[in-house]
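Structure at a glance
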Amino acid sequence: MVPITYYLLLAAALFCMGMFGVLVRRNALVVFMCVELMLNAANLTFLSFARMRGDSIGHVSAFFVIAVAAAEAAIGLAIVIAVFRSRGSVLVEDIRTMKH
Amino acid sequence: MNLAEFFQVAPVAPELLAPSLWLIIALPLLGAFICGVFGRMLGRANVHLIACSAVAGAFVLSVLAFWATSHTSSGEGARRLLAFYRNPFGIESDFVRYALAYDYGTWFSAGDFRVNFGLAVDHLSGILLLVITGVGFLIHLYSTSYMEHDDGYWRYFAYLNLFVAAMLTLVLADNLVLLFVGWEGVGMASYLLIGFWYTDPAKAWAGRKAFVTNRIGDFAFLIATFLLVLLVSAFTRQANAADYATAGSSVERYQSALQDRGPLTFKGLEKMAEGLVDTGADKVDLSTPIEAGPLAGYTFGGVMTVALLLFLLGAAGKSAQLPLYVWLPDAMAGPTPVSALIHAATMVTAGVYLFSRMAALLVLSPTAMATVAIIGALTSLLAALIAFAQDDIKKVLAYSTVSQLGIMFMGVGAGIFWAAVLHLVTHAFFKACLFLGAGSVMHGNGDETDIKKLGGLRHEMKWTWGTFLVATLAITGIFPLSGFFSKDAILHGVHHNHLEGLHWVSSAVYYLGLVIAASTAFYMTRLYLLTFEGPRSKEARVAHAHESAWQMTLPLVVLAVLSVVAAVYAFPLMKSSSGQPQAVFENFLSPVFGAMNRITNAAKTVELDTSVPHLGDYVFAWLVALTGGALAGFLYLKFFPARAGQPAPAFARAVRRAAQNKFYVDELYELIVIRPVKFLSFILFRVVDALLIDTVAVRGTAWVTARVGSALRYVQTGDAQAYAAVMALALLGGVAYALIQVLQ
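Rules of the game
Residues numbered from 1 in each chain as written. Chains lettered and ligands numbered in written order. Predicted model: local features only at pLDDT ≥ 70, side-chain atom pairs only at ≥ 80, totals over all residues. Heavy atoms only, no water. Helix = DSSP H or I, 4+ residues; strand = E, 2+ residues; numbered from the N terminus. Rg over C-alpha atoms; globule rule 2.2 N^0.38 Å. Buried < 20%, exposed > 50% of the residue type's maximum accessible area, 1.4 Å probe, protein only. Contact = heavy atoms within 4.5 Å. Areas by Shrake-Rupley, 256 points an atom, 1.4 Å probe, with all protein chains shown as cover. Pairing = 2+ DSSP bridges. pLDDT = per-residue confidence, 0-100. Buried area = accessible area lost by both parts, 1.4 Å probe. Salt bridge = Lys/Arg side-chain N within 4 Å of Asp/Glu carboxyl O. Polar contact = N/O pair within 3.5 Å; in protein donor to acceptor, adjacent residues only side chain to side chain. UniProt positions renumbered as here; feature names shortened; annotations may be inferred. Core = buried A, V, L, I, M, F, W, Y, C linked by side-chain atoms within 4.5 Å. Expected span 1.5 Å × (residues − 1). Phe/Tyr/Trp six-rings, centres within 6.5 Å; stacked < 30°, edge-to-face > 60°. Lys NZ or Arg CZ within 6 Å of the ring centre and 35° of its normal. Disulfide = S-S within 2.5 Å. Axes fitted to C-alpha atoms, helices over the stretch in contact; angles between N-to-C directions. Parallel < 35°, antiparallel > 145°, perpendicular 65-115°, else oblique. Left-handed = near helix turned anticlockwise from the far one by under 90°. Nonpolar A, V, L, I, M, F, W, Y, C, P; charged D, E, K, R; others polar.

1. Considering the overall build of chain A
On a plain count of helices and strands, chain A comes out with three helices and zero strands. For chain A, the succession of helices and strands along the chain, N to C, is α-α-α. Relative to the compact-globule value of 13 Å for 100 residues, chain A shows a C-alpha radius of gyration of 17 Å, a clear excess of over 25%. Per-residue burial over chain A gives 24% buried out of 100 residues.

2. A closer look at the overall build of chain B
Assigned secondary structure in chain B consists of 29 helices and six strands. Each principal axis of the C-alpha atoms in chain B carries an extent, and together these give about 115 × 70 × 55 Å. The proportion of buried residues among the 744 residues of chain B is 54%. For chain B, the proportion of contacts with a sequence separation of at least 24, taken over those separated by at least 6, is 78%. Element-wise, carbon and sulfur atoms account for 68% of the exposed surface of chain B, whose accessible area totals about 30700 Å².

3. Focus on the environment of V35(A)
Residue and element names in this part refer to chain A. Along the chain, V35 turns up in helix 2 (residues 28-53). Judged by relative accessible area, V35 falls into the partly exposed class, the value being 23%. Between the alpha carbons of V35 and G21 there is a distance of 8.2 Å; along the sequence they are 14 residues apart. Contact partners of V35, with chain neighbours within four places excluded, come to V22 and E72.

4. Thoughts on the pairing of strand 2 (residues 113-122) of chain B
Residues and elements named next belong to chain B. Burial of strand 2 is extensive: seven of the ten residues sit out of reach of the surface. Pairing geometry for strand 1 (residues 99-110) and strand 2, over nine bridges, is antiparallel. Opposite F108, over in strand 2, you have V115 as the bridge partner. As consecutive antiparallel partners, strand 1 and strand 2 are separated by two residues, and within that stretch G111 has a phi angle of approximately 65°, a positive value.

5. Remarks on the confidence of the model for chain A
The predicted model of chain A has a mean per-residue pLDDT of 88, with 95% of residues at 70 or higher. In the model of chain A, helix 3 (residues 57-87) of chain A stands out as the element of lowest mean pLDDT, 90, in contrast to helix 1 (residues 4-24) of chain A, which has the highest, 92.

6. Side note on the interface of chain A and chain B
For an interface, size is often stated in terms of accessible area lost upon the parts coming together. Contact residues are listed per partner, giving 13 residues for chain A and eleven residues for chain B. Contact between chain A and chain B buries roughly 870 Å² in total, counting both sides, with carbon and sulfur atoms accounting for 64%. Between chain A and chain B we count zero salt bridges in total. Linking chain A with chain B are three residue pairs in polar contact (both at pLDDT 80 or more). The greatest single-element share of the side of chain A that touches chain B, amounting to five residues, is contributed by helix 1 of chain A.

7. Describing the UniProt feature "domain: NADH-Ubiquinone oxidoreductase (complex I) chain 5 N-terminal" (unreviewed entry) in chain B
Mapped onto this numbering, the UniProt entry annotates "domain: NADH-Ubiquinone oxidoreductase (complex I) chain 5 N-terminal" (unreviewed entry) at residues 107-157 of chain B. Secondary structure over residues 107-157 of chain B splits into 57% helix and 27% strand, and the C-alpha atoms at its two ends are 29 Å apart.

8. A word on the nonpolar core
Side chains of nonpolar character tend, in soluble globular proteins, to be buried together. Formed by 226 residues in total, the largest nonpolar core has its most connected members in L176(B), L228(B), F311(B), W327(B) and W418(B). The element that contributes the greatest number of residues to this core is helix 19 (residues 417-444) of chain B, accounting for 19 residues. If we skip the residues at most four places from it in the chain, W418(B) touches A489(B), A583(B), F585(B), E586(B), L589(B) and F593(B). Listed in part, the ten residues of the second largest apolar core include V22(A), A28(A), V31(A) and M38(A).

9. Regarding the UniProt feature "domain: NADH:quinone oxidoreductase/Mrp antiporter transmembrane" (unreviewed entry) in chain B
With numbering aligned to this structure, UniProt lists the feature "domain: NADH:quinone oxidoreductase/Mrp antiporter transmembrane" (unreviewed entry) at residues 173-231 and 304-499 of chain B. Annotated as 74% helix and 1% strand, the span residues 304-499 of chain B places its first and last C-alpha atoms 16 Å apart.

10. Examining the UniProt feature "transmembrane region" (unreviewed entry) in chain A
Per the UniProt record, "transmembrane region" (unreviewed entry) is found at residues 6-24, 29-50 and 62-84 of chain A. Here residues 6-24 of chain A runs as 100% helix and 0% strand, with 27 Å between its end C-alpha atoms.

11. Notes on the pattern of salt bridges
All names here are of chain B. Counting across every chain of the model gives twelve salt bridges over all chains. R215 serves as the salt-bridge partner of E184, at 3.5 Å between the closest nitrogen and oxygen. Taken together, the residues span a long stretch of sequence, with E184 in helix 7 (residues 176-194) and R215 in helix 8 (residues 201-238) at a distance of 31 residues. On the basis of relative accessibility, which here comes to 24%, the residue E184 falls in the partly exposed class. For D218, the salt bridge goes to K318, with nearest N and O atoms at 3.9 Å. Linking D218 in helix 8 with K318 in helix 12 (residues 300-319), this pair joins segments that are 100 residues apart in sequence. Each of E184, R215, D218 and K318 takes part in one network of salt bridges that share partners.

12. As for helix 6 (residues 153-172) of chain B
If you check helix 6 of chain B, its first and last C-alpha atoms are 28 Å apart, about what 20 residues at 1.5 Å a residue would give, namely 28 Å. The element helix 6 of chain B is largely enclosed, with a buried count of 19 among its 20 residues.

13. A short note on the packing of aromatic side chains
Each aromatic ring pair is summarised here by two numbers: the centre-to-centre distance and the angle between the ring planes. Residues and elements named next belong to chain B. Here the structure, examined in full by the defined rule, presents 26 aromatic pairs over all chains. Relative to F38, the ring of F33 has its centre 6.2 Å away and its plane inclined at 90°; by these criteria the two rings are edge-to-face. A network of ring pairs unites the aromatic residues Y102, Y104, W107, F108, F113 and F117 as a single cluster. The ring of W205 carries the charged tip of R208 above its face, separated from the ring centre by 4.2 Å. R215 extends its terminal NZ or CZ atom over the ring of F211, reaching a point 4.2 Å from the ring centre.

14. Looking at the state of the cysteines
Across all of its chains, the model carries zero disulfides over all chains by this definition. With no disulfide of its own, C16(A) lies 12 Å from the sulfur of C34(A), the closest cysteine sulfur. Free of any disulfide, C35(B) has its nearest cysteine sulfur in C52(B), 9.0 Å distant. By relative accessible area, C35(B) is classed as buried at 0%.

15. Some words on the environment of G268(B)
Residues and elements named next belong to chain B. With respect to the helices and strands, G268 occurs in helix 11 (residues 266-277). We classify G268 as buried; its relative accessible area is 0%. The sequence separation of G268 and A398 amounts to 130 residues, and the corresponding C-alpha distance is 37 Å. Among residues more than four places away in sequence, those in contact with G268 are F89 and Y254.

16. Details of the side chain of H423(B)
Residues and elements named next belong to chain B. Positionally, H423 belongs in helix 19. H423 gets classed as buried once you look at its relative accessible area, which sits at 0%. In this structure H423 touches Q404, I407, M408, F430, S486, K487 and I490, once residues within four positions along its chain are discounted.

17. Focus: the packing of helix 19 of chain B against helix 21 (residues 482-496) of chain B
Between two packed helices, the angle of one axis relative to the other and the distance separating the axes together describe the packing. Residue and element names in this part refer to chain B. Packing of helix 19 against helix 21 leaves a shortest axis separation of 8 Å and a crossing angle of 155°. Comparing their axes, helix 21 and helix 19 come out roughly antiparallel. Remark: the crossing between helix 19 and helix 21 carries left-handed chirality. Across the interface between the two elements, W418, A419, A420, L422, H423, T426 and F430 from helix 19 touch S482, G483, S486, K487, A489 and I490 from helix 21. Looking at side-chain class alone, the contact of helix 19 with helix 21 contains seven nonpolar, five polar and one charged residues.

18. Re the packing of helix 2 of chain A against helix 3 of chain A
In contact at an axis separation of 8 Å, helix 2 of chain A and helix 3 of chain A are set at 175° when each is read in the N-to-C sense. Overall, the two elements helix 2 of chain A and helix 3 of chain A adopt an arrangement that is roughly antiparallel.

19. Brief notes about the side chain of T133(B)
All names here are of chain B. Position of T133 among the secondary structure elements: in helix 5 (residues 123-146). Here the side chain of T133 touches L129 through a polar contact of 2.7 Å, landing on its backbone oxygen. Not counting chain neighbours up to four residues away, the residues in contact with T133 comprise V55, A58, F59, S62 and L168.

If you want it as structure tokens, here you go:
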């Protein structure tokens, strides 16, 4: 039996990598993938705790997160495509309409 | 029907007249409104007509109201009058006699405090109504000629009407709060009138000085009023049935009357005073401490004394007594008829009226009475001494007013109220005549006010000369004129009345009074001689003075006649209730001062002497006045011309310079009051207002907001990754906090 600590450490590492990607990558698609990575890190945490507690709340939460992530990916990709069509770029730093 | 019966049946039934009393105030107020708002469009003649007819209408109504106060038809005597106005403060059968009153209902109320809009005319306010509207009308008539060439005539007449309306409110009020409305109203109107020629800074300053000085007194008046409210509530809480028996009332009746009409009606205060004087066992009297409320621990008598002294300060402001007299001489900056109106007929007599109205309270406190008498005497003496050396014709008259008011205060302080009111009335006549005469002199001499540059007007302005002479003789106290009798009545009363525990006061004040009488004779004779007698001065502005128009001389003649015939009021032609001879005016005012007499008899705070002056007293008073006048005549007609060209002795010059500079009282005030206040104001202005409020509070908040905004501007970039970085940092902070919590 692998102790829960390892799972949590793995989840933390994944989360940090995802967050790093969100903060530094310029391509919106990559940013999205990094967000997915962070969500999955969270899912991993949920499942670890569910296992530890021996009940199903964590599983249910993980399912919700996956559902939300799927919806988000769909809408986010649609937005990215729409932005690419209008501006010809998917770089995050180019999309700063609030500044103007 | 004989003459007496004719005057005892009012032409308008009191029941009909009483609800219309408000018209007396409303008419001049309406006149002020029309003249002030539409005056410029109406043109000169119409403004004159409206202003004069408003006051004339008020005069007619005042005559009717005054007549109605003596209404005794159908043989029932005074009772008949009171079918419609029962005194709610008395017992069932106690009607207010010789009074016409109407209550227009609640004016305002807060909690259990209540003020009614009630107007009352009794013999005291009735006689003042006649003086204000009568002399006021003459002054209006005079002004139509005097202000003929002034561009602001419509503004002038609006102010004049406003002044009369405010003074009528003051006199008609049946409670202290409504009286205060008139009290403030005359203050405001006098400010407007004194500073009427506002383009001249000196005149605007004079108006402001009058206003500020009056405000100081008004503040004291207000505090005294609040003290009386507390005192009435303490009395109704603490008194038992026995106290009300003294006042001729029952507990329930007094309290329901308070509920009904408010605690500050004069009748209610009178009843409280009557309830306070009986010193029987188990009763509330002057030395009883107040048990509860904000005044707990003080005695009723002590609080009463403090309230009355504060009222004295208020009256000193309005009636120009020490220490607040300084505004009145400067008030000469206004047009001359205004000086006559303020000085003679209306505003400055408000203090004397107030104390006469509250006579029942005043006699409860010998301390307050002594203070009033001493203040009056000192003011009178100081003003008379200053008047010695003034060369401005109006300034002399102004100081003479201060002096005469001081004599009235002496009378009030000595408990001889009727004589003080009589002197008020006769003074209104002759002082108005003098001021209007001075105005006529100025009018005919190119606005020259320096009496050294006049002289010899006797032959050039015959009407002015004649009336001025009569008025001078009246104020000087020459035998058959009214001023002699009214002043002598006061001096006699001061001599013979004694304040409990303060017997020295009446003697001291009496001898001061003799000095004042001689001084008055001296400076008035000097004024008259230098203006009207002798050769015409070489420095005169116009070679020949011209007599004024009839609008100006007619009021002079009327006032001169009045200042002679008013003497009748002082003759002991009537009989008092005990059968002794009594002065007509004393008899006439006895219903007003009935409560005061009952209180003095019960409380023994003042020994009132009702004797009539003997022939010896009259001769003595006459000699005093003659001495003063003769001295002036000798000095200015014989002595000085002989010494022409020789300088006066150094001592005389020094005294004269000091007197001319008004004994430096204004400078003293400047040093001990105005400078420190100005310094404090400067500090408050620089530090509190300019630095703290303007810089730190107002501009500071704006500055901080702008700076914070411009700093936060860099955060709102629209860069999603920057936002994400902020979130990540927040998350880091949350994690760090959680770690610290866990590790602990």
